[in-house]
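Observations on chain architecture
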Amino acid sequence: MDQVNKLILDSLESDIELLNRTNRALLDHPGKQLRPILALLVARAIGGRVNDDTLRFAAASELLHNATLLHDDVADGSAERRGRPTVMSLLGSRASVLLGDFWLVRAVARILEASRESNRVIRIFADTLADLAEGEMLQLQKASAGDTQEADYQRIIYNKTASLFVAAALSAAISAQATPAQEEAVRSYAENLGMAFQIKDDIFDYQENVSIGKPVGQDLQEQKITLPLLGALQAAPEQEASVRRMVTQIGEHPEYQAEIVAFVKTRGGMDYAVARLDEYVDKAIAALDVLPQGEDRQALADLARFVSERKS
């Protein structure tokens, strides 16, 4: 990770002082860095070592992730991320978009430096970018209409979260010259890991006193119907129309938030989401059976359990 972070830092160097100063502030609070960690573990589990291309692809995954966060902060109007003010809140939406573009281009540059398979990996990351855009637009569409169903939710969280987990893991597998069977196993593991990660985040939105880097209840304030609420609606179909209407009107009636949270908790929505989360974790761990046994494969299984058990 030290080598990955040095690559990220080197990628962001510029002779524009405002750009350098803002990038340094972001790098001082890097978050969990799960995507590059995932990439490194996958390469080690398959090939027994990390090579220069693995490092490049791992750095690219984190650069791309942060680029999307900078753009998301504008789309969501977020004033805070990881417990700190966003670039958007400090410098405005224009600066946040431009900075996100800069990180994105630097991610592409790192991939193009690879000694082999750079074209294939670029296509994988390009597909992820398309997924991210489609996921964001579908989420906006559904939030406006208040008609999100579970199939919509699954597509949204795959596109917005799991797709980048897949890109990070699959590119690392390619760098380690994985077999087709190993690539498919890694793809399945990363997809299920990413789905579990987002479900856990969505569970946090209904919990109090949890330090998650975003305000509790933010999803509801943005009219997002996520898995805990979908589970509660499934258990109380007679209340579905009225609760959905409340979600669409929450901007004008912020008092609805407490009522919806209470509905989710009393109607088993949290238990429903936790059960689905555990299913995805189990699928992720099962996918690892194709990889060689060893402590790196075990670390990948531990990572999946961490995603389920994390407190922030």
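In this report, we go over the structure that sits alongside the text. (Residues numbered from 1 in each chain as written. Predicted model: local features only at pLDDT ≥ 70, side-chain atom pairs only at ≥ 80, totals over all residues. Heavy atoms only, no water.)

Further remarks concern helix 8 (residues 150–175). With 26 residues, helix 8 extends 35 Å between its outermost C-alpha atoms, agreeing within 8% with the 38 Å of an ideal straight helix rising 1.5 Å per residue. Among the 26 residues in helix 8, 21 count as buried, and that is most of the element. In the segment just after helix 8, Q177 is the residue with positive phi, at about 60 degrees. (Helix = DSSP H or I, 4+ residues; strand = E, 2+ residues; numbered from the N terminus. Expected span 1.5 Å × (residues − 1). Buried < 20%, exposed > 50% of the residue type's maximum accessible area, 1.4 Å probe, protein only.)

Take the packing of aromatic side chains next. In total, this model carries one aromatic pair according to the counting rule given. Summarising the aromatic geometry, the rings of F165 and F197 are spaced 5.6 Å apart at their centres and angled 45 degrees between planes, so their arrangement reads as tilted. Of this pair, F165 sits in helix 8 while F197 sits in helix 9 (residues 180–204), and the two are 32 residues apart along the sequence. Given the relative accessible area of 9%, F197 is considered buried. Over the ring of F197 we find R35, and its NZ or CZ is 5.8 Å from the ring centre. (Phe/Tyr/Trp six-rings, centres within 6.5 Å; stacked < 30°, edge-to-face > 60°. Lys NZ or Arg CZ within 6 Å of the ring centre and 35° of its normal.)

Let's shift gears to unusual backbone geometry. Despite not being glycine, Q177 shows a phi value in the positive range, around 60 degrees. Here Q177 is to be found in the loop between helix 8 and helix 9. A residue is classified by how much of its surface remains accessible, and Q177, at 59% relative accessible area, is exposed. Of note, Q223 is a non-glycine position whose phi angle comes to about 65 degrees, a positive value. For Q223, the position within the fold is in the loop between helix 10 (218–221) and helix 11 (227–235). Relative accessible area serves as the criterion here: at 21%, Q223 is assigned to the partly exposed category.

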